[in-house]
Each structure stands twice: as C-alpha cells, then as structure tokens.
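Summary of the model geometry
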Amino acid sequence: MAQAAISKMQINHSANWALAGVSFAHLLNDAMQTVVPSAFPLFQQTMQLSFAQMGWIAFTLNITASVLQPLVGYMSDRKPMPILLPGGMLFSLIGVLGFALSSELWMLLVSAALIGIGSSILHPESSRVAHLAAGRGRGMAQSIFQVGGNTGQALAPLLVAFILLPHGQLSFLWLMAFALIGIIIQSSVSRWYRDKLADDHSRQQQPVQANGIVQPASRGFIAFTMGILILLLFSKFVYIAGMTGYYAFYYADAYNLPLSQAQICLFVLQFAGMVGTLIGGPLADRYGRKPMIWFSIAGTAPFSLLLPYAGPVFSMILCGMIGLILMSGFSVIIVYAQELLPRHIGTVSGLFFGLSFGMAGLGSVVLGSLIDVTSISFVIKLCSFLPLLGVCAVFLRRDRPRNA
C-alpha cells in the first residue's frame, strides 16, 4: 500500500510539472503574440501605417490561428501528436525573426501569419495536456494553463514600452529567446504527454463526472448552448481587441501623455486579467460554471462604460477592475464546453481558442477601419457597450458545482 501511495505521488508530481510546463509555454507564446498589436505605435512610426493597415496585421495574426486551431484540435482528438508541442514554437521563432527584419507591410503580414500558425498548434494540444493532468479540478487546471497566457499578455506592453519602442524594430530579435525556451520546455512536456497517452489512453474518453453538466444532452441543447458561449466570446474578445490595439492611442491623445505611459495602462489591464484567470477556475469548481461565466462578462459592463470618461489615474484603476473580472471567465467557458462534449476535448479547445483569435482579428480590422472614418474616441466609447452582451449567460443551464 505504501508503494502504491508513493507511485501515485510520483504520477501527480509529474502531472503537475507537465501542467506547469504548458502554462509557462503559454506565457511565452502569448507574450510573442500580444507584442504584435501592442507594437502598433512602433509600426506606425517606422512605416507610417494607417489604422486600417495595422488592423490587417492583427487580423492576419488572429485569423490564421482561428482557421487552423479547430482543425488541429480535431486531428489531435483522432490521433494525438505530442511532437506538435515543440513544433508550434518553431513557427513562432521564425515569425518573430520576420518582424525584426520586415520593411514592408506584406512582410509584417507573413510574419504575423507564422506566429498565428505557432499559436494555433500550441493551444489545442497544450489544453489537452492540461485536461489530462487535471484530475477532478478541471477548472483549476485550465486556469493554471490560461494564466500563463494572461501573464504573457501582461508582459507584452512592458516589452514594447521598455525594449521595442526605445530600441526599435530590430529589438524583436530578443524575443527569439522566448521561442527557444518554449521549444525546450515543450519538448520535455511532449515526452510526458506521449507516456501518458501510452499508459492511460482511455482516461480522456471517460464521461463527465457529477461535478459537470448533466449528460447526455440533446443536439439542440448543445447547439443552443454553444451559440450562447460563442456570443459571449464575441463580446469579450472584440472588446479586448479594441483595448489592446487602440486604447493606448486614445489614452495618450485624451490625456496628452506619451505612448509608453499608455502601455503601462495596458499592463495593468493584462496583469489584473492574469489574477482574474487564476481565481476564476477554482471559484467555478466550487460554485459552478454558469455564475462565474455570467459575472465575468456582465460584471465588467459598469467599469467598461465608465472607462472612456475617467481621468488618467482612475483609468488605470478601471482597467485593473475590467481585467480582473473579464479575464476570469475564459477558462471557465472552455471547461463548460469541454464538459458538454467530453469526447471532443481537442476539437472544443481548438474551436474556442480559434474563435477567440478570429473574433479579435476581425474586430481589429473593423475597429481600425472605423477609427479611420470616425475617431478613436468614438470607437473606444462604442466598445464600452460590448460587455453588456454578458447578460445572455442567463440562458445557460446551471451546472452542479463540486462540493469543497
């Protein structure tokens, strides 16, 4: 019995390390990815790009991931491919190199597409690793995986403010170290992933336990619920696209402050989002997915509506509240959908990560074009109404929380 207990501890220890590994790789990936829209002021200065052109860069980055991620997730459900974990980082490495050397818009678009491909490979497979390592705490495991990404997103404005803006476009070369570290980490995780699949492949095929959504569910209910979740993703990620891509311009113009200080405001938003992501999963495990999803989006609305009219200091406080609340729900939405379709973990992860990037990319193009024909102030105020769509979460079926 003692030997069995020791063996179980070793298994849990290795699973925890795998979960930490994909979370840190997520940090590195999302830092490289979020640097791109955060670096729009740099591209505007060096290449005199319009807002619409900058929107197309974000669109290319995100639509590449949007189209490919569901396909990668579907393929990994049919045949898991651990080698894709380090392979995705290789595409990001080439993309970052491209951004450092680009001199024309089309070169920026190709580089953005390469980073998008790398991201589309990382998210579905790494999310499957988090699911395999989760045990019963699926919300917690998905939050740990997701908080890595949020941390990377929080670091991106700082990288832009203190490295890219002062030292120019060639300083993108420093980000190649992120990709190289990611390749090393993901190579190690892929070995655990391969061994886990060989030892316990049937585990990922088991039905949802009592703490999830009641099974089975009709196709009509599944389609309706997925539609509600996708609408919630739309409200969240189009709003985030407006904030990360264009709020820095609004902040600098409205308060006559340098763009580097505006990047600090975005860091507050992303850092608070990291904290929100970390606490969102455990709270959903304890109190249920639906209340957390509802609160994470609709609860953002009072702060988002007030943000365009606040002063520079109060704006940072509001950005912190928005990030804390809004970011707490994404990992919960992923787990809710995974428990709705427990035999399609990779497909669900790829679909939702892909949709999130696609909506953000399309939102960047539309918002950028709208800024060119109206004003940055009008678009930021328009975006402030998007979190009100969170009230649609009331139509979700209430799941059964796991008792503490």
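Reading the values: rules and limits
Residues numbered from 1 in each chain as written. Predicted model: local features only at pLDDT ≥ 70, side-chain atom pairs only at ≥ 80, totals over all residues. Heavy atoms only, no water. Phe/Tyr/Trp six-rings, centres within 6.5 Å; stacked < 30°, edge-to-face > 60°. Helix = DSSP H or I, 4+ residues; strand = E, 2+ residues; numbered from the N terminus. Buried < 20%, exposed > 50% of the residue type's maximum accessible area, 1.4 Å probe, protein only. pLDDT = per-residue confidence, 0-100. Contact = heavy atoms within 4.5 Å. Patch = residues over 30% accessible without salt bridge, like charges linked within 9 Å, V, L, I, M, F, W, Y side chains within 5 Å. Areas by Shrake-Rupley, 256 points an atom, 1.4 Å probe, with all protein chains shown as cover. Salt bridge = Lys/Arg side-chain N within 4 Å of Asp/Glu carboxyl O. Core = buried A, V, L, I, M, F, W, Y, C linked by side-chain atoms within 4.5 Å. Axes fitted to C-alpha atoms, helices over the stretch in contact; angles between N-to-C directions. Parallel < 35°, antiparallel > 145°, perpendicular 65-115°, else oblique. Left-handed = near helix turned anticlockwise from the far one by under 90°. Expected span 1.5 Å × (residues − 1).

1. A closer look at the packing of aromatic side chains
Here the structure, examined in full by the defined rule, presents 11 aromatic pairs. Seen from their ring centres, Phe 43 and Phe 172 are 6.1 Å apart, and the 5° between their planes marks the pair as stacked. Of this pair, Phe 43 sits in helix α2 (residues 40-47) while Phe 172 sits in the loop between α6 (138-167) and α7 (176-200); the two residues are 129 residues apart in sequence, bridging distant segments of the chain. Per residue, the accessibility class of Phe 43 equals that of Phe 172, and both read buried. Both rings, one in Tyr 247 and one in Tyr 251, keep their centres 6.0 Å apart while their planes meet at 50°; by these two values the pair is tilted. Taken together, the residues Tyr 247 and Tyr 251, both in helix α8 (residues 219-255) and four residues apart, mark about one turn of the helix. Here the two residues Tyr 247 and Tyr 251 agree in accessibility, since each one is buried. Grouped by ring-pair contacts, the aromatic residues Phe 40, Phe 51, Tyr 246 and Phe 249 constitute a single cluster.

2. Some thoughts on the confidence of the model for the chain
Overall, the prediction assigns the chain a mean pLDDT of 82, with 90% of residues at 70 or greater. Per-element confidence in the chain ranges from a low mean pLDDT of 75 for helix α1 (residues 2-38) to a high of 93 for helix α11 (residues 301-306). Counted against residues more than four places away or in other chains, residues 1-11, with its pLDDT under 50, gives zero contacts. Taken together, the stretch residues 203-215 has pLDDT below 50 and engages in 35 contacts with residues farther than four places along the chain or on a different chain.

3. A look at helix α10 (residues 289-298)
Burial of α10 is extensive: seven of the 10 residues sit out of reach of the surface. Taken together, the buried positions of α10 are Arg 289, Lys 290, Met 292, Ile 293, Ser 296, Ile 297 and Ala 298.

4. What about the environment of Ile 115?
Within the element layout of this structure, Ile 115 appears in helix α5 (residues 105-132). With a relative accessible area of 1%, Ile 115 lands in the buried category. Ile 115 sits 55 residues away from Thr 60 along the chain, and the two C-alpha atoms are 9.7 Å apart. Apart from the residues lying within four places of it in its own chain, the contact partners of Ile 115 are Met 32, Gln 33, Val 36, Leu 61, Phe 91, Ser 92, Gly 95, Val 96 and Phe 99.

5. Topic: the environment of Gly 358
Mapped onto the secondary structure, Gly 358 falls in helix α14 (residues 345-373). By relative accessible area, Gly 358 is classed as buried at 8%. Residues Gly 358 and Ser 66, spaced 292 residues apart in sequence, show a C-alpha to C-alpha distance of 4.6 Å. With sequence-adjacent residues up to four places away left out, Gly 358 is seen in contact with Asn 62, Ile 63 and Ser 66.

6. Considering unusual backbone geometry
Of note in this structure, Gln 48 is not a glycine but carries a positive phi near 50°. Relative to the helices and strands, Gln 48 resides in the loop between α2 and α3 (51-78). Since its relative accessible area comes to 59%, Gln 48 is described here as exposed.

7. Examining a nonpolar patch on the surface
On the surface, a nonpolar cluster with roughly 580 Å² of combined accessible area is contributed by Phe 224, Trp 294, Phe 295, Val 391, Val 394 and Phe 395. Inspection of the secondary structure assignment puts Phe 395 in the segment after α15 (376-383).

8. Remarks on the pattern of salt bridges
Overall, the coordinates contain two salt bridges when judged by the stated rule. Glu 125 is the salt-bridge partner of Arg 128, the closest N and O atoms lying 3.8 Å from each other. Of the two residues, Arg 128 and Glu 125 both sit in helix α5, three residues apart, roughly one turn of that helix. Exposure remark for Arg 128: the relative accessible area of 4% places this residue in the buried category. Using a relative accessible area of 0% as the deciding quantity, one classes Glu 125 as buried.

9. As for the nonpolar core
Grouped together as the largest cluster of nonpolar side chains are 110 residues, with contacts concentrated most on Phe 43, Phe 172, Leu 232, Tyr 247, Ile 293 and Phe 352. Top contributing element to this core by residue count: α8, with 20 residues. The residues contacting Phe 172, other than those within four sequence positions of it, are Val 35, Ala 39, Leu 42, Phe 43, Val 96, Phe 99, Ala 100 and Leu 164.

10. Brief notes about the packing of α5 against α14
Remark: α5 packs on α14, axes separated minimally by 9 Å, with the N-to-C direction vectors making an angle of 135°. With respect to each other, α5 and α14 are oriented oblique. Taken as a pair, α5 and α14 cross one another with a handedness that is right-handed. Along its contact with α5, which presents Ser 119, His 123, Pro 124, Ser 127, Arg 128 and His 131, the element α14 presents Ile 345, Gly 346, Ser 349, Gly 350, Phe 353 and Phe 357.

11. Structural notes on the environment of Leu 164
Of note, Leu 164 is situated in helix α6. The exposure class of Leu 164 is buried, given its relative accessible area of 2%. Between the C-alpha atom of Leu 164 and that of Val 35, which follows or precedes it by 129 residues, the distance is 9.3 Å. Excluding anything up to four places from it in sequence, Leu 164 contacts Val 35, Ala 39, Leu 42, Leu 159, Ser 171 and Phe 172.

12. A few points about α5
Here α5 is 28 residues long and its end C-alpha atoms lie 41 Å apart, about the 40 Å a rise of 1.5 Å per residue gives. Among the 28 residues in α5, 21 count as buried, and that is most of the element.

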